[in-house]
Amino acid sequence: MASGTHSHWLGQHSRSIGITAGILAGVLVLVAGIAAILGAERLHLAAIQSRASQQLAQVVVENRQLLTRLQQDYSSDCSEANLTRLRLLLLQYNHIRGIGLRDAQGYVMCSTNLGRLAKAYRLPAPDLTDAGQVQTWQNFPFRLDNQELRVSLTGMGAFITLADPHVTLDTLRNADIDALWLNHHAEHEGRAQLVWSAPEEKALQAPTHLQLRYSGTQEYWSRVDWQHGRMIVGSNIPETGFFIQSYQDWRVIANQNAYLLLGLVLLAVLTGTFGGLLLARRLQRMTTLNYRIGKLCRPEHIICMYQPIVELASGRITGCEVLMRLQDGDKVIFPDRVIPLILEQKLGWALDSAVSERALRDLAAALPATSAAQPFKVALNFFPDNINHARLHALLQPLQHECLAINVEVTEYGMSDNLFDDVARLRADRYLISVDDFGTGYSNLGTVKRLAPDFLKIDRSFVHDMEDDTLRASLIPEIVAIASAVQADIIAEGVENAQQAGLLRKMGVRYGQGYWFGRPVPLAAFLQMLAEPPKIIPAEPVASGA
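Every value quoted in this text rests on a predicted model; they were computed, and no experiment measured them.

Definitions and cut-offs
Residues numbered from 1 in each chain as written. Predicted model: local features only at pLDDT ≥ 70, side-chain atom pairs only at ≥ 80, totals over all residues. Heavy atoms only, no water. Phe/Tyr/Trp six-rings, centres within 6.5 Å; stacked < 30°, edge-to-face > 60°. Helix = DSSP H or I, 4+ residues; strand = E, 2+ residues; numbered from the N terminus. Buried < 20%, exposed > 50% of the residue type's maximum accessible area, 1.4 Å probe, protein only. Lys NZ or Arg CZ within 6 Å of the ring centre and 35° of its normal. Disulfide = S-S within 2.5 Å. 1 Å grid on protein atoms, 1.4 Å probe; cavity = no way out; pocket = protein on both sides within 12 Å on 5 of 7 lines; lining within 4 Å. Points joined across faces, edges and corners; volume = space filled by probe spheres on them. Salt bridge = Lys/Arg side-chain N within 4 Å of Asp/Glu carboxyl O.

Q: Quick question: what am I supposed to make of the packing of aromatic side chains here?
A: Each aromatic ring pair is characterised by the separation of its centres together with the angle its planes make. Overall, the coordinates contain six aromatic pairs when judged by the stated rule. Each ring, one from Tyr-306 and one from Phe-526, has its centre 5.8 Å from the other, and the planes form 35 degrees; the classification is tilted. Placement of the pair is Tyr-306 in strand β13 (residues 302–311) and Phe-526 in helix α17 (residues 523–531), with a sequence separation of 220 residues. The class of Tyr-306 is buried, set by a relative accessible area of 0%. An aromatic cluster is built from Tyr-306, Phe-376 and Phe-526, whose rings are joined through pairwise contacts. For the cation-ring pair, Arg-519 lies above Tyr-515, with the distance from its terminal atom to the ring centre recorded as 3.9 Å.

Rendered as structure tokens:
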């Protein structure tokens, strides 16, 4: 799709595109905001897990160290002396509150807290037995001083340790930890055993990243459980093989962030509404010429129109003036709409370059061969600021062709000291120079001599009045005399009938241009003009109405 058509299509559908884009923008804001809320919740849970894991890691490490020492250095008898020795040992640990001893059948015979039991007690099956044959009882009911406590027990061989319940179970409950898992070093990485879970938490999912089970640093991960509508945040407890998880229901997150979500919805609505309106307005601007003019100043969007310049003595077309239109999709835009925008946006050079390139390439390819002695003269109009030798020569030199003579038109209004120097250099490089609209400005013979043009183009207003023998028409012979003095030829613009053509020829005007010879036409029609017989121009003026 061409750029003009593409812009036009976008402009035509600006409303629907704006609505769609607004909805998408609102959804993106909403999604980004929800993602930010979930990210903040993840960071919050990760911070809680970090504090909890530090405490749990201390308990696990102490427990393992103590059980190892007990297996290596202490006996399992229930004598008072041995119990006293064990009590002294407990003073070296911060989180272990008791040691129990059991016989080979698994009956607990005594403990540092209760001494020798009146009746041996058999522990129920453990909640977990890991690959190292370490047994764990979580949430175990323990009676002390007629009070029942819920404690964590760990057993290895004949010894059982009782961890501080305030550091173990209370830590898990109070820290929003919902599940505790173990992947022992003797187990395969892919198998994790559930150690403890919150009673209200259902449909637990085994932790991932089991390769971090004995990592020295704590790593965090999270995932969305779409099926149950919750977010799962997990992490490893460094150097222990334990993993902890927090399950956060989306409804809980929504309730905790109700006002923030409400503000987020309002922001999404405002963003979508104003974003959609702004985009629609911008797309509507794309249908305006003011927006597209820069892209249209390219050769592919230029329509060159060629108006013949005729030698009055022979009626033969010896050259043409190049005029332009802009092709904007299926529309043709005329210079009266283009030029003000070109000047406003300072696109004069872009337009001049595009017109010159399009015209010279098309003419060089299409014109019949002519002799180098009589090349076809192509008059190009340039904005005054663009009459610069270096720029014009860099543009036109690659476009020169042996059958073409490039004629650069300047106006009296654009004359300056710099212009004279640039024109002199252009003439040295064999470009023709015309002074356009001559007689409407303030040029005098001295100015024209200094400029030394090849052609003076009489403004159409002189030609229009000549049949009425007005003062303006009486100046034509004076202009012819000025041209003769500087060895320039005259081109009369605005010739509309044979009477004017005959009068001009009689006055010594060599060339004519106007509707009587031909209107500005596209290249194909111009080539047909060239193929037609020369127009017969009377040597003497014909009678009015003839």
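Q: Explanation requested: the state of the cysteines in the structure shown.
A: Two cysteines whose sulfur atoms are joined by a covalent bond form what is called a disulfide. Counted according to the given criterion, the structure contains one disulfide. Free of any disulfide, Cys-320 has its nearest cysteine sulfur in Cys-304, 9.5 Å distant.

Q: Sorry, what's going on with empty space enclosed by the protein here?
A: Gaps between atoms show up when a probe of the same size as a water molecule is rolled over them. In total, this model carries two cavities of 30 Å³ or more according to the counting rule given. The space that makes up the largest cavity amounts to roughly 60 Å³. Taken together, Ile-309, Thr-318, Gly-319, Lys-377, Ala-379, Asn-407, Phe-455, Ile-491 and Tyr-511 make up the full set of residues lining the largest cavity. Secondary-structure elements contributing two or more residues to the lining of the largest cavity are β14 (317–328) and β16 (376–381).

Q: Explanation requested: the pattern of salt bridges in the structure shown.
A: It is possible for side chains bearing opposite charge to pair when their charged atoms get close. Within the structure shown, the criterion is met by 14 salt bridges. Across the pair Glu-357 and Arg-361 runs a salt bridge, and its minimum N-O distance is 3.5 Å. Of this pair, Glu-357 and Arg-361 both sit in helix α9 (residues 348–366), four residues apart, which is roughly one turn of that helix. Taking relative accessible area as the criterion, Glu-357 reaches 28% and is therefore assigned partly exposed. Residue Arg-361 is classed as partly exposed on the basis of its relative accessible area, which comes to 48%. The network of salt bridges with common partners includes Glu-311, Arg-316, Asp-489 and Arg-510.

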